[in-house]
Amino acid sequence: MASPPPPPSTRTPAIDPSIPEIFPPEEEKALLEESTAEKSNANKGFTSGEYNSAIQGYEKALAVCPTYLEYDIAVLRSNIAACHLKLEEWKQAVESATQALDALNTIDPPASAPENGATGAEGKVEEIDDATEIRIAALTRTGHTINDVHKLRTKALLRRAKARQQVGGWSSLQGALEDYQAVSKPPHQLSSLDQKAVQTALRELPPRLDEAKNSELADMMGKLKQLGNGILKPFGLSTDNFQFTKDEGTGGYSMNFNQGGK
């Protein structure tokens with residue numbers, strides 16, 4: 001006969017997967033010191049132009065850094081993005097900068113996307129959840145502030161924006177424009193040099209974006225037309241038999257069939 005279940009008071013409570021496991025103070029300190037030492041060596045590699053070696057050093061620092069020290073992780077990710085920019089590895093730079101921003105967002109969600117602890121659309125302040133509280137406590141414990149988070153977010157956004165510009169294409173250019181628009185607003189504070197670069201990008205990106213959009217749409221329509229002609233050919237028809245007329249009033253389209261084809 002099976003034993004009766006233990007009384008509720010003796011059952012192990014469920015663990016919330018969103019709450020990170022915290023190391024004991026001495027172990028946390030030792031791991032952070034080891035990570036900082038690896039980062040310092042990587043910084044020397046970056047300064048001397050050994051960017052691939054620096055990336056390896058930053059990755060070693062990441063490997064030993066406690067996962068709940070999101071600010072320190074973001075610094076390392078942002079530094080890796082800087083290395084990829086120097087190497088003109090644009091896609092990798094975008095990825096690393098995005099990872100840095102994701103880490104910062106766990107501490108301090110951006111104002112454009114209110115989460116726990118932020119002011120919602122109706123102006124109500126929501127309660128900070130346990131996971132966020134732990135990360136903020138870790139931020140303070142390691143000697144950093146929310147202002148440091150804002151400064152690092154600005155730096156990571158600028159690096160991602162630059163990389164997205166170089167990747168090109170409709171989607172990447174749109175992302176670059178959004179990043180530049182984000183850093184042009186508070187609480188971001190730009191140096192005079194960065195401010196000039198952002199203003200230039202905000203002026204030059206829209207026409208490039210429109211050009212890329214029109215080019216990609218034309219290419220997509222060409223491929224769709226080729227596919228349609230392949231389907232219609234057995235019936236003695238082509239896409240030229242179908243004419244689409246835009247209704248300027250509603251923005252919709254009407255289709256007319258033309259037997260002649262042109």
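Parameters and conventions
Residues numbered from 1 in each chain as written. Predicted model: local features only at pLDDT ≥ 70, side-chain atom pairs only at ≥ 80, totals over all residues. Heavy atoms only, no water. Axes fitted to C-alpha atoms, helices over the stretch in contact; angles between N-to-C directions. Helix = DSSP H or I, 4+ residues; strand = E, 2+ residues; numbered from the N terminus. Parallel < 35°, antiparallel > 145°, perpendicular 65-115°, else oblique. Left-handed = near helix turned anticlockwise from the far one by under 90°. Contact = heavy atoms within 4.5 Å. Nonpolar A, V, L, I, M, F, W, Y, C, P; charged D, E, K, R; others polar. Salt bridge = Lys/Arg side-chain N within 4 Å of Asp/Glu carboxyl O. Buried < 20%, exposed > 50% of the residue type's maximum accessible area, 1.4 Å probe, protein only. Phe/Tyr/Trp six-rings, centres within 6.5 Å; stacked < 30°, edge-to-face > 60°. Expected span 1.5 Å × (residues − 1).

- The protein goes by Tetratricopeptide repeat protein 1 in an unreviewed UniProt entry, where it is assigned to Pseudopithomyces chartarum.

1. Some details on the packing of helix α1 (residues 25-47) against helix α3 (residues 70-86)
Here's step 1: The contact between α1 and α3 brings their axes to 12 Å, and the two run at 20°. Classified by the angle their axes make, α1 and α3 are roughly parallel. Judged by the twist between their axes, the crossing of α1 over α3 is left-handed. Side by side, α1 and α3 meet where Leu32, Ser35, Lys39, Asn43 and Phe46 of the first sit next to Asp72, Val75, Leu76, Asn79, Ala82, Cys83 and Lys86 of the second.
Here's step 2: Grouping the constituent residues of the contact of α1 with α3 by class yields six nonpolar, three polar and three charged.

2. Quick look at the pattern of salt bridges
Here's step 1: Inspection of every chain in the model, using the stated rule, returns five salt bridges.
Here's step 2: Between Asp179 and Arg164 there is a salt bridge whose closest N-O contact spans 3.0 Å. Placement of Asp179 in helix α7 (residues 170-183) and of Arg164 in helix α6 (residues 146-167) is noted, with a sequence separation of 15 residues between them.
Here's step 3: A relative accessible area of 4% places Asp179 in the buried class.

3. Looking at the environment of Pro20
Here's step 1: Residue position: Pro20 is located in the segment before α1.
Here's step 2: It is 9.8 Å that separates the C-alpha atoms of Pro20 and Leu69, two residues lying 49 residues apart in sequence.

4. As for the packing of aromatic side chains
Here's step 1: With the rule as written, the count across this model stands at two aromatic pairs.
Here's step 2: Look at Phe23 and Tyr68: their rings are 6.3 Å apart centre to centre, the planes differ by 40°, and that puts the pair in the tilted class. Linking Phe23 in the segment before α1 with Tyr68 in the loop between α2 (51-64) and α3, this pair joins segments that are 45 residues apart in sequence.
Here's step 3: Exposure remark for Phe23: the relative accessible area of 30% places this residue in the partly exposed category.
Here's step 4: On the accessibility criterion, Tyr68 (1% relative accessible area) is buried.
Here's step 5: Seen from their ring centres, Phe46 and Tyr51 are 5.3 Å apart, and the 65° between their planes marks the pair as edge-to-face.
Here's step 6: For Phe46, a relative accessible area of 25% corresponds to the partly exposed category.

5. Re α6
Here's step 1: The end-to-end C-alpha distance of α6, which contains 22 residues, comes to 31 Å, matching closely the 32 Å that a straight helix rising 1.5 Å per residue would cover.
Here's step 2: Within two residues after α6, Gly168 carries a phi angle of roughly 75°, on the positive side.

6. Regarding the side chain of Thr132
Here's step 1: Mapped onto the elements of the fold, Thr132 is located in helix α5 (residues 130-141).
Here's step 2: Dropping the residues within four chain positions of it, Thr132 is found in contact with Thr106 and Ile107.

7. A short note on unusual backbone geometry
Here's step 1: A cis amide bond links Pro186 to the next residue, Pro187, at an omega of 5°.
Here's step 2: Mapped onto the secondary structure, Pro187 falls in the loop between α7 and α8 (192-232).

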